[in-house]
Amino acid sequence: MSQAEAGVDIVAPSAMIDGQVAAIRTALDADGHDRTAIMAYASKTASAFYGPFREAADSAPAFGDRRGYQMDPANGREAVREMELDVSEGADLLLVKPGLPCLDLIAEAHARFGVPIAAYQVSGEYAMIHAAAERGWLDGRRAMLESVTSIVRAGAGIVITYASADIARWLAADRVDAR
């Protein structure tokens, strides 16, 4: 509610707790924030690709791991079921995280649900391309653009990525060069 009262257009609860989207939608609507959208982290797997962020933020679990509440990357049916539940509870957008390892889920969500699909190209996906480019193993710009293009091609209308500033700069330069 505090975010809606501050004027955000979208709230994005990431806890993936059953019923949280419905509770948030009910509270927002009751307080006159019916135009505030909810982007549900509907499919967030317990991915190895979160490592660089966790290291930078010093947010690795003190014990155990997050597999107790994040989804098994191998269980696509559960991911689709969770997305369906979030849509039925009032989610306006669905987020799939991470992006590249979940292209199939992005495509299925795009085909099945009548809401925009977002994908998060997480720190490990970005770092993997960046590190390979630093070593001269691949063209970093081309690889990053191919990576994000594949996420969009799978059906994501929104891509959250650490490369967004670089991509915006590259695309703007390409438009200038094309004139």
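Residues numbered from 1 in each chain as written. Predicted model: local features only at pLDDT ≥ 70, side-chain atom pairs only at ≥ 80, totals over all residues. Heavy atoms only, no water.

(A) Structural context of the packing of aromatic side chains. Tallying each qualifying case throughout the model produces two aromatic pairs. Seen in terms of ring centroids, tyrosine 120 and tyrosine 162 are 6.4 Å apart; in terms of plane orientation they differ by 45°. Their pairing is tilted. Here the residue tyrosine 120 occupies a position in strand β4 (residues 117-121), and tyrosine 162 occupies one in the loop between β5 (158-161) and α8 (164-178), the gap between them amounting to 42 residues. We classify tyrosine 162 as partly exposed; its relative accessible area is 38%. Here the aromatic rings of tyrosine 126 and tyrosine 162 are separated by 6.0 Å at their centres, their planes lie at 40°, and the arrangement is tilted. (Phe/Tyr/Trp six-rings, centres within 6.5 Å; stacked < 30°, edge-to-face > 60°. Helix = DSSP H or I, 4+ residues; strand = E, 2+ residues; numbered from the N terminus. Buried < 20%, exposed > 50% of the residue type's maximum accessible area, 1.4 Å probe, protein only.)

(B) Representation of the pattern of salt bridges. The tally for this structure, following the rule as stated, stands at seven salt bridges. Here glutamate 108 makes a salt bridge to arginine 112, at a shortest N to O gap of 3.4 Å. Remark: arginine 112 and glutamate 108 occur in helix α5 (residues 103-112); sequence separation between them is four residues, near one turn of the helix. Between arginine 169 and aspartate 166 there is a salt bridge whose closest N-O contact spans 2.9 Å. Of this pair, arginine 169 and aspartate 166 both sit in helix α8, three residues apart, which is roughly one turn of the helix. Using a relative accessible area of 22% as the deciding quantity, one classes aspartate 166 as partly exposed. Each of the salt bridges in this network shares a partner with another, and the network as a whole consists of Arg25, Asp29 and Asp92. (Salt bridge = Lys/Arg side-chain N within 4 Å of Asp/Glu carboxyl O.)

(C) Seen up close, the side chain of serine 147. Looking at the element boundaries, serine 147 is found in helix α7 (residues 140-154). Among residues more than four places away in sequence, those in contact with serine 147 are Leu100, Gln121 and Ile129. (Contact = heavy atoms within 4.5 Å.)

(D) Layout of the sheet that holds β4. Spatial ordering of the open sheet is given by β1-β2-β3-β4-β5, a layout of five strands whose pairing is parallel. Both edges of this open sheet fall to β1 (10-11) and β5, since each of them pairs with a single strand only. One ladder, built from two bridges, connects β1 with strand β2 (residues 37-44); its direction is parallel. Note that in β2 the partner of valine 11 across the bridge is isoleucine 38. On the sheet, helix α2 (residues 20-30) packs against β1 and β2 and is oriented at approximately 175° with respect to β2. Taken strand by strand, α7 contacts β4 and β5, and its axis lies near 150° from that of β4. (Pairing = 2+ DSSP bridges. Axes fitted to C-alpha atoms, helices over the stretch in contact; angles between N-to-C directions.)

(E) Spatial organisation of the packing of helix α4 (residues 76-88) against α5. One way to put it is that α4 packs onto α5 with a least axis distance of 11 Å and a crossing angle of 35°. Here the hand of the crossing between α4 and α5 comes out right-handed. Together, Gly76, Ala79, Val80, Met83 and Glu84 of α4 and Leu105, Glu108, Ala109 and Arg112 of α5 make up the contact between the two elements. Classifying every residue of the contact of α4 with α5 by side-chain character gives five nonpolar, one polar and three charged. (Left-handed = near helix turned anticlockwise from the far one by under 90°. Nonpolar A, V, L, I, M, F, W, Y, C, P; charged D, E, K, R; others polar.)

None of this, on its own, says anything about what the molecule does.
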